[in-house]
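Now for the letters of each chain:
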Amino acid sequence: MRHLCFIAILVCLFFVPQTPAQQAGGRASEAPTADEIARRVQDRDTGRDSRAEMRMKLFDRHGRVRERAMTFAMLRGRDNPGAARTAPDGDRLLIRFTYPNDIRGTGFLVWEHPKSEDERFLFLPSLGRVRRIAGSEAQESFVGSDFTYEDIGGREFDDYSYALEAENTSWSGADGAARPAWRLASTRKDAKAEFPRVVSLVLKDSYLVVEADIYNRRREKQKLYRVRRIDQVQGIWTVLDSSMSNDLDQTRTDLAVEKMAYNVGLGETAFSRRELEAGK
């Protein structure tokens, strides 16, 4: 996976153990480069593992709303800061829907493989089977939402090139406080990708991504990711309220965190195919 993730609580959880100058390699007198900023977004320390309960709301073009509840669990691979010695080589992610009944038990499992292609699995209880999500499907809709499988499961760092579009901008959250930020452009090396370009707003004090404009192959700004509220949970900066909208389809998906905990003692067995198919 080794992802530069810009998507909400599912993957953008930021711990701030160092100052920005330290995180950029100790170059206190120089601003970090675009690649260095992207690396810090990717390599942030988020603890050994995490578990959350979230609420998702899907708005269609007519304003009608469908609501879903889900659980989220992540285990950091041993190549990440703070990971346990017994951790797997790569990250593990498991999302399971708990409400409503027509999607209850549906699960999404990701195994990161640092030296080979990641594996993504979708369990559909109505069919009683697991479907592997191919790499070619990575930018398709994740269970009918405005997020894609790639948004949720992560993207390969080396699949993109990076450029700094603005060194001094800012972002204001629900508390109204303005926080200094960079504007970072990420361009997919494969121009045939459905969404080949992303322009993100990255907070300087935490390397947290709080906005992203996502462009399609026609160079249209099709999707917008916006964070509305962040806070610290156990000393870790966490996105608590965010949305992904699709301007062309006129749809929106809101995501809110109801419960969040870090370093809860998850093991690799909690991210097995057997656990995915348990549907609980």
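Residues numbered from 1 in each chain as written. Predicted model: local features only at pLDDT ≥ 70, side-chain atom pairs only at ≥ 80, totals over all residues. Heavy atoms only, no water.

1. Focus on the overall build of the chain
The number of helices and strands found in the chain is 5 helices and 14 strands. By the burial criterion, 52% of the 280 residues in the chain qualify as buried. Within the chain, residue pairs in contact and separated by at least 24 positions form 54% of the contacts whose partners lie at least 6 positions apart. Roughly 12,800 Å² of accessible area belongs to the chain as shown, and the carbon and sulfur atoms make up 44% of that amount. (Helix = DSSP H or I, 4+ residues; strand = E, 2+ residues; numbered from the N terminus. Buried < 20%, exposed > 50% of the residue type's maximum accessible area, 1.4 Å probe, protein only. Contact = heavy atoms within 4.5 Å. Areas by Shrake-Rupley, 256 points an atom, 1.4 Å probe, with all protein chains shown as cover.)

2. What about the pattern of salt bridges?
Enumeration according to the criterion identifies 19 salt bridges in this entry. Residues Arg-55 and Glu-67 are paired through a salt bridge, measuring 3.4 Å at the closest nitrogen-oxygen approach. Of this pair, Arg-55 sits in strand 2 (residues 49–59) while Glu-67 sits in strand 3 (residues 65–75), and the two are 12 residues apart along the sequence. Given the relative accessible area of 24%, Arg-55 is considered partly exposed. Residue Asp-241 pairs with Arg-228 through a salt bridge whose shortest N-O separation is 3.1 Å. (Salt bridge = Lys/Arg side-chain N within 4 Å of Asp/Glu carboxyl O.)

3. Re the packing of aromatic side chains
Within the structure shown, the criterion is met by 7 aromatic pairs. Ring centres 5.3 Å apart and planes at 55° place the aromatic pair Phe-108 and Phe-142 in the tilted group. In this pair, Phe-108 sits in strand 5 (residues 107–111) while Phe-142 sits in the loop between strand 7 (129–132) and helix 4 (149–153), placing the two residues 34 residues apart along the sequence. In this structure Phe-142 comes out as buried when scored by relative accessible area, which is 1%. Seen in terms of ring centroids, Phe-142 and Tyr-149 are 5.7 Å apart; in terms of plane orientation they differ by 85°. Their pairing is edge-to-face. The positively charged end of Lys-223 is found above the aromatic ring belonging to Phe-195, 5.0 Å away from the centroid. (Phe/Tyr/Trp six-rings, centres within 6.5 Å; stacked < 30°, edge-to-face > 60°. Lys NZ or Arg CZ within 6 Å of the ring centre and 35° of its normal.)

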